[in-house]
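Below are the chains, spelled out letter by letter.
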Amino acid sequence: MLPTTIVIDEAPRCVVRPTDTKDLNRFIRNGKAYLLADNPDGKITHRNADDSEAARWRNALALHKAWGGAEEEFFGTPL
């Protein structure tokens, strides 16, 4: 999948690149406490990352790889 922005009440929260829809849904389900930390009653949605969000994801991936991490081990970064 392409980098995907997780949105809480229309505000971008993080950008991730799940391997498939099942992986995305699992992250949203398991990460609900993290995602809704500032707004427990918020609505979680997702969309394709825009250019600036995708660039932040690529920069975080580059940092991850610089210390020796593998691309398949990298999931995402907060916005």
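That block above? That's the structure.
Quantities reported herein were computed from a predicted structural model and do not represent experimental measurements.

The rules behind these values
Residues numbered from 1 in each chain as written. Predicted model: local features only at pLDDT ≥ 70, side-chain atom pairs only at ≥ 80, totals over all residues. Heavy atoms only, no water. Helix = DSSP H or I, 4+ residues; strand = E, 2+ residues; numbered from the N terminus. Rg over C-alpha atoms; globule rule 2.2 N^0.38 Å. Buried < 20%, exposed > 50% of the residue type's maximum accessible area, 1.4 Å probe, protein only. Areas by Shrake-Rupley, 256 points an atom, 1.4 Å probe, with all protein chains shown as cover. Lys, Arg positive; Asp, Glu negative; His and termini not counted. Charge placed at Lys NZ, Arg CZ, Asp CG, Glu CD. Pairing = 2+ DSSP bridges. Axes fitted to C-alpha atoms, helices over the stretch in contact; angles between N-to-C directions.

Quick look at the overall build of the protein chain now. For the protein chain, the helix and strand inventory stands at three helices and four strands. Put simply, the protein chain runs from its N terminus to its C terminus through helices and strands in the order β-β-α-α-β-α-β. The C-alpha radius of gyration computed for the protein chain amounts to 12 Å, which stays within 12% of the reference 12 Å derived for 79 residues, consistent with globular compactness. When the 79 residues of the protein chain are sorted by exposure, 37% land in the buried category. Summing over all exposed atoms, the protein chain offers an accessible surface of approximately 5,100 Å²; the carbon and sulfur share of this is 52%. Once the 11 positive and 12 negative side-chain charges of the protein chain are each reduced to a mean point, those two points are 3 Å apart.

With antiparallel pairing, four strands are arranged side by side in an open sheet as S3-S1-S2-S4. Of all strands in the sheet, those with a lone pairing partner are strand S3 (44-48) and strand S4 (76-78), marking the two edges. Neighbour-to-neighbour, the strand axes of this sheet turn through a mean angle of 30°, independent of strand direction. The pairing of strand S2 (residues 11-16) with S4 spans three bridges and is classified as antiparallel. Residue pairing across strands places Val16 opposite Gly76, the latter belonging to S4.

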